[in-house]
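Chain by chain, the residues run as shown.
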Amino acid sequence: MFPALTMGDPAGIGPELTVEAWHRQRESGEGFIWIGDPALLDGYIPTRAVANPQEAEAIFVEALPVLPLALARPVTPGQPDFVNGAAVIESIALATKLALAGAVSAVVTNPISKQVLKQAGFGFPGHTEFLADLCGVTGQEVMLLASPRLRVVPVTVHVSIRRALEMLTAERIVQVGQILARALRSDFGIEKPRLAVAGLNPHAGEGGLMGDEEQDTIFPAIEMLRAEGIDAFGPLPPDTMFTEKARESYDAALCMYHDQALIPLKTLDMASGVNATLGLPIVRTSPDHGTAFDIAGQGKADVSSLLAALRMAQEMGAHRRAFGEKQAK
Ligand SMILES: NC(=O)c1ccc[n+]([C@@H]2O[C@H](COP(=O)([O-])OP(=O)(O)OC[C@H]3O[C@@H](n4cnc5c(N)ncnc54)[C@H](O)[C@@H]3O)[C@@H](O)[C@H]2O)c1
Ligand SMILES: N[C@H](C(=O)O)[C@H](O)COP(=O)(O)O
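A short tour of the structure in this document, coming up.

Conventions we followed
- Residues numbered from 1 in each chain as written.
- Chains lettered and ligands numbered in written order.
- Predicted model: local features only at pLDDT ≥ 70, side-chain atom pairs only at ≥ 80, totals over all residues.
- Heavy atoms only, no water.
- Near = heavy atom within 4 Å.
- Areas by Shrake-Rupley, 256 points an atom, 1.4 Å probe, with all protein chains shown as cover.
- Nonpolar A, V, L, I, M, F, W, Y, C, P; charged D, E, K, R; others polar.
- Phe/Tyr/Trp six-rings, centres within 6.5 Å; stacked < 30°, edge-to-face > 60°.
- Buried < 20%, exposed > 50% of the residue type's maximum accessible area, 1.4 Å probe, protein only.
- Helix = DSSP H or I, 4+ residues; strand = E, 2+ residues; numbered from the N terminus.
- Pairing = 2+ DSSP bridges.
- 1 Å grid on protein atoms, 1.4 Å probe; cavity = no way out; pocket = protein on both sides within 12 Å on 5 of 7 lines; lining within 4 Å.
- Points joined across faces, edges and corners; volume = space filled by probe spheres on them.

1. Some thoughts on the site of ligand 1
So, point 1. Within the structure, ligand 1 sits among 16 residues, and Ser-113, Gly-290, Ala-292, Asp-294 and Asp-302 are positioned closest to it.
So, point 2. For ligand 1, the protein covers 65% of the area, taking 810 Å² as the surface of the free molecule.
So, point 3. Of the residues belonging to the shell around ligand 1, the class tally is 6 nonpolar, 6 polar and 4 charged.

So, in structure tokens, the structure goes:
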């Protein structure tokens, strides 16, 4: 069974990444079905509309299987148009519906623009929150960024730093830590996951000299996680917990805010990093980058992260099935 690849913002690099991914994956046999407007790919690769995902595997070598949608307006690469937002959203919704129905193995999403979708009336910060809503698990969604050398999870996500500090509670840290530990066991085959928990302040607060969040919020959360048998430790000084040596001591880093997690991940492994949404009843991955409007249509986009996302979706699915079978015994 193939994953469904969504269209993403049609003015971004998603279409050209899709073209390159089809060429690459034809050889490996790890195909996908694309949900988008075939006109975007006309002249680049052969496409074939299918009535349902089951038809995709038989034709993937000859043509990209497509569940067709129609864009409202023609597209100029690099020039996003919120009028096309409805089709972008529909592509995600249909992929999720098919994954929930077991008709596709996973949802892999091409990048969207949060700003453009906001203009189109989209009521969510991005895919992560939208997918949780579609799956009926709002509040359970956790954003993981994973690469061969590092896995990171921000406890607070698409909010301002000021708002992040207000949202940082021991309860939320515990909830995210529980979801992360569970996913590392079920979707990544890590039987006893080790979670390194970042401090918030410089030097992890230096014993309260530079802030008390570590003592009042983060350390109590670590204690609660450990009391449940989850191997969490910290709070660690954020500036030294991502060194090569430090990374050997843990399976994932639990960070306090978006960029505390994403800067080290994208600095280390932008080309092979993958964004995966934990806490969903379906597997969802995405490249770790955005729409790259500044290079769209110029043949400069690197397809590596999308290929890594397609690969990770299949790997996560295989681990989840094996974990479920083991649990059932
Ligand atoms: N998962 C997602 O859908 C996702 C992730 C991040 C950002 N975004 C959205 O993308 C839009 C642009 O965000 P941004 O500019 O902060 O980040 P970006 O990742 O789109 O671009 C940052 C820089 O990296 C380059 N870049 C990105 N991907 C590349 C690739 N595959 N190959 C070569 N170069 C690449 C871009 O050219 C740009 O210079 C925003 O609207 C944001 O909301 C979406
Ligand atoms: N925060 C991620 C990043 O910067 O790469 C990305 O924006 C996640 O967005 P989605 O929730 O749309 O996957």
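2. Digging into the packing of aromatic side chains
So, point 1. One pass over the full model with this rule turns up 5 aromatic pairs.
So, point 2. Plain terms: the ring middles of Phe-122 and Phe-124 are 5.5 Å apart, the flat faces sit at 55° to each other, and that makes the pair tilted.
So, point 3. For Phe-124, a relative accessible area of 27% translates into the label partly exposed.
So, point 4. Taken together, a centroid distance of 5.2 Å and an interplanar angle of 40° make the contact between Phe-124 and Phe-130 tilted.

3. Concerning the pairing of strand E10 (residues 252-255)
The side chains of a regular strand alternate between both faces of the sheet.
So, point 1. Burial of E10 is two-sided: the residues Ala-252 and Leu-254 facing one way and the residues Ala-253 and Cys-255 facing the other way are all buried.
So, point 2. Where strand E7 (residues 150-154) and E10 come together, 3 bridges link them in parallel fashion. The residue bridging Val-153 from the neighbouring strand is Leu-254, located in E10.
So, point 3. Two elements, strand E8 (residues 194-198) and E10, share 3 bridges in a ladder whose sense is parallel. Bridge pairing links Leu-195 to Ala-252 in E10.

4. Observations concerning empty space enclosed by the protein
So, point 1. Inspection of every chain in the model, using the stated rule, returns 2 cavities of 30 Å³ or more.
So, point 2. Roughly 40 Å³ of internal volume is contained in the largest cavity.
So, point 3. Lining the largest cavity, in full, are Asp-9, Pro-10, Ala-11, Pro-74, Val-75, Thr-76, Gln-79, Pro-80, Asp-81 and Asn-84.
So, point 4. Here the residues of the lining of the largest cavity are counted per class, giving 5 nonpolar, 3 polar and 2 charged.
So, point 5. Its volume calculated, the second largest cavity comes out at about 30 Å³.
So, point 6. In this structure, the second largest cavity is lined by Asp-9, Pro-10, Asp-81, Asn-84, Gly-85, Val-88, Ser-113, Val-116 and Leu-117.
So, point 7. Among the secondary structure elements, those contributing two or more residues to the lining of the second largest cavity are helix H3 (85-100) and helix H4 (114-119).
So, point 8. Counted by class, the lining of the second largest cavity contains 4 nonpolar, 3 polar and 2 charged residues.

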